[in-house]
Amino acid sequence: MAREAGVSRSTVSSVLTGRKFVSPETREKIEAAITNLGYSVNAGARALATARTMTLGVVVRFHEAEFSPALATYLVALSDAARESGYAVVLLTEPDGDAAVRKAIAGRQVDGLVLLSVVEGDPRLEPIAESGYPAVLVGMPEDARGIDSVDLDFAAAARLLVDHLADRGHREATFVRWPDDLYAAGSTYAIRFASAAVQRAGKRGMRLEPLSCSVVPEQVRAALRDELGRADGPRALIVHNDAASAMLQFALHDTGLAVPENRSVVSLHSAELARLYALPFTSVESGPDVVAHAAVEMLVRRIDSPDAPAEARLVAPRLIERGSVATVA
C-alpha cells in the first residue's frame, strides 16, 4: 500500500492508527490506495498490537437548564471527528460523573476522555488530574488542573455582539440569558459570555437589562412575548440562550413586531440551530464541528504524547451579518 500511495510505511501506519498528523493531501493519496487495493483494517488486531481500544469516552453532564438539542450537535460532531481519526465513541452518561470517570480509568475502558458541559470546580477533573489519564475538556474553567481544554472564545463573541450594537448607536439592550441555575452551577461558557458582555457594555456606555429565560419552548416564547410587549423596554436584544434564539421569531410574530424595523437583534447560537430554524439574526455561531475536531485532535495527540505540556485552545468567533440591527441616529 505504501508503494501504491508513494509514501513510507510509517506514514500509512499513521493514517490507519490516527496516532500522528498527516497532511490532507497525503491522507488522500493513502485513502485512494486503500480503495484501489480493497484493503480493510482489522480493528481487533490493531487494538491488540497497539494495546489500545481505539475508543474515546465522551462524558456528558445533562443539566436541565441546558438546551438539549444544542448539546446533541456536539455529540454528533464528536462522533464524526473521532471516526475520521479511526476511533469509535462511547457515551458515559451516569449521573455521578466523577464515578463514571474513575470507573473508565480503572478499567482502561477507553483510550481517552472528552468532557462536555464543564463547570467551575468540576468534580470530574480530579480523577483525571490524579492519574494523568488522556483527556480534553470542552469548556474553559479557571483551573483546568493541567488538562487540555478547548472551546469557542465566548468572551470574544460577547464583545463582538455588544460592539455591533454599540457601533450602530444602541445605548441599551435586553440581555436574554440562560436560566439562573446554569450560572449558579458554574457553566463556563455561560459565565464567560455574560461577564464579557457586561464588561464590554460598560466600556461602550451601553446598559444591559438581564432577562433569564427557561429553555422550555412554551415558557421561553411567553417570556419573550412579554418582554417584546413592554412599551418602555429596550429596542435591542442580545441573546445567549439557544432556546430563546429559536423561539424569538415566534414571539416577534405573536407581537406583530419586525426585525430590524421594530427591534434589533444579535445572538450567539449553534450553527445547526441557525440552519434548522433559518434564523435571520446577525450572530456568532458556536460551530460544534470546529470545536469537536479540535478536541479529538488534541486528545489523540495527548494519547500519543502523555507528557507534553497542557494546551488551552480558544476558537476565534466570527460575526455573521444578516441585517438584523437598525442604526440609531
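Everything below is about the structure printed above this text.
Residues numbered from 1 in each chain as written. Predicted model: local features only at pLDDT ≥ 70, side-chain atom pairs only at ≥ 80, totals over all residues. Heavy atoms only, no water.

Undergrad: Kindly report on helix α8 (residues 154-167), identifying the contributing residues and their values.
TA: Here α8 contains 14 residues, and its C-alpha end-to-end distance of 20 Å stays within 8% of the 20 Å for a straight helix at 1.5 Å per residue. Where burial is concerned, most of α8 is hidden: eleven out of the 14 residues are buried. All of the buried residues in α8 are F154, A155, A156, A157, A158, L161, V162, D163, H164, L165 and A166. Looking at the residues trailing α8, positive phi occurs at G169, about 90°. (Helix = DSSP H or I, 4+ residues; strand = E, 2+ residues; numbered from the N terminus. Expected span 1.5 Å × (residues − 1). Buried < 20%, exposed > 50% of the residue type's maximum accessible area, 1.4 Å probe, protein only.)

Undergrad: Tell me what's going on with the nonpolar core, and back it up with residues and numbers.
TA: Residues L116, F193, L224 and I238 are the most contacted members of the largest nonpolar core, which totals 78 residues. Looking at this core element by element, the count peaks at nine residues for helix α14 (residues 288-304). Aside from chain neighbours lying at most four places away, what touches L116 is V58, V59, V60, R61, L71, Y74, L75, L78, R124 and V138. Counting 16 residues, the second-largest nonpolar core is a separate cluster that includes V59, L113, L125 and A135. (Core = buried A, V, L, I, M, F, W, Y, C linked by side-chain atoms within 4.5 Å. Contact = heavy atoms within 4.5 Å.)

Undergrad: Give me the sheet that holds strand β1 (residues 55-59): which residues, what numbers.
TA: Here we have six strands laid out as an open sheet, ordered β2-β1-β3-β4-β5-β11, and parallel in their pairing. Whereas interior strands pair on both sides, the edge strands pair on one side only; in this sheet they are β2 (88-92) and β11 (312-315). Within this sheet the neighbouring strands show an average axis-to-axis angle of 20°, counted without direction. When β1 meets strand β3 (residues 112-115), the two strands line up parallel, connected through four bridges. Its bridge partner being in β3, V58 is matched across the sheet by V114. The strands that helix α5 (residues 68-84) touches are β1, β2, β3 and β4 (135-138); relative to β2, the one it contacts most, it runs at about 145°. (Pairing = 2+ DSSP bridges. Axes fitted to C-alpha atoms, helices over the stretch in contact; angles between N-to-C directions.)

Undergrad: Break down the packing of aromatic side chains for me, citing the residues and quoting the values.
TA: Applying the stated criterion across every chain yields a total of three aromatic pairs. On the basis of an interplanar angle of 85° and a centroid distance of 6.0 Å, the ring pair of W178 and Y189 is categorised as edge-to-face. In this pair, W178 is assigned in the loop between β6 (172-177) and α9 (180-184) and Y189 in helix α10 (residues 188-203), connecting sequence segments eleven residues apart. By relative accessible area, W178 is classed as buried at 4%. Overall, Y189 belongs to the buried group, its relative accessible area being 15%. One aromatic cluster is present, built from ring pairs that chain together F154, W178 and Y189. (Phe/Tyr/Trp six-rings, centres within 6.5 Å; stacked < 30°, edge-to-face > 60°.)

Undergrad: Describe the pairing of strand β8 (residues 236-239), naming the residues involved and giving the relevant values.
TA: Residues of β8 alternate between two faces, with A236 and I238 on one and L237 and V239 on the opposite face, all of them buried. Bridging between β6 and β8 involves three bridges; their strand directions are parallel. In the sheet register, F175 faces β8, and the bridge partner there is I238. In terms of strand pairing, β8 meets strand β9 (residues 264-269) through four bridges, oriented parallel. Note that in β9 the partner of A236 across the bridge is S264. With respect to chirality, the unit in which β8 leads through helix α12 (residues 242-255) into the neighbouring parallel β9 is right-handed. (Right-handed = clockwise from strand over helix to strand, strands pointing away.)

Undergrad: Tell me about the pattern of salt bridges, residues and numbers included.
TA: Opposite charge on two side chains makes pairing possible when the charged atoms of those side chains draw close. With the rule as written, the count across this model stands at 25 salt bridges. Note that R124 is salt-bridged to D122, the shortest N-O span being 2.8 Å. Comparing R124 with D122, the two get one shared label, buried. When salt bridges with common partners are traced through the structure, they connect E172, R207, E209, E227, R230 and D232 into a single cluster. (Salt bridge = Lys/Arg side-chain N within 4 Å of Asp/Glu carboxyl O.)

Undergrad: Tell me about the sheet that holds β6, and name the residues and values.
TA: Taken in spatial order, the six strands line up as β7-β6-β8-β9-β10-β12 in an open sheet, and their pairing is mixed. Each of the sheet's edge strands pairs with one partner strand only, and the pair in question is β7 (207-212) and β12 (319-320). As paired elements, strand β10 (residues 282-285) and β12 share two bridges and run antiparallel to each other. Within β12, the position partnered with V284 by the bridge is L319. Together, β6, β8 and β9 form the strand contacts of α12, whose direction differs from that of β9 by roughly 140°.

Keep in mind that these numbers describe shape and distance, not what the molecule does.
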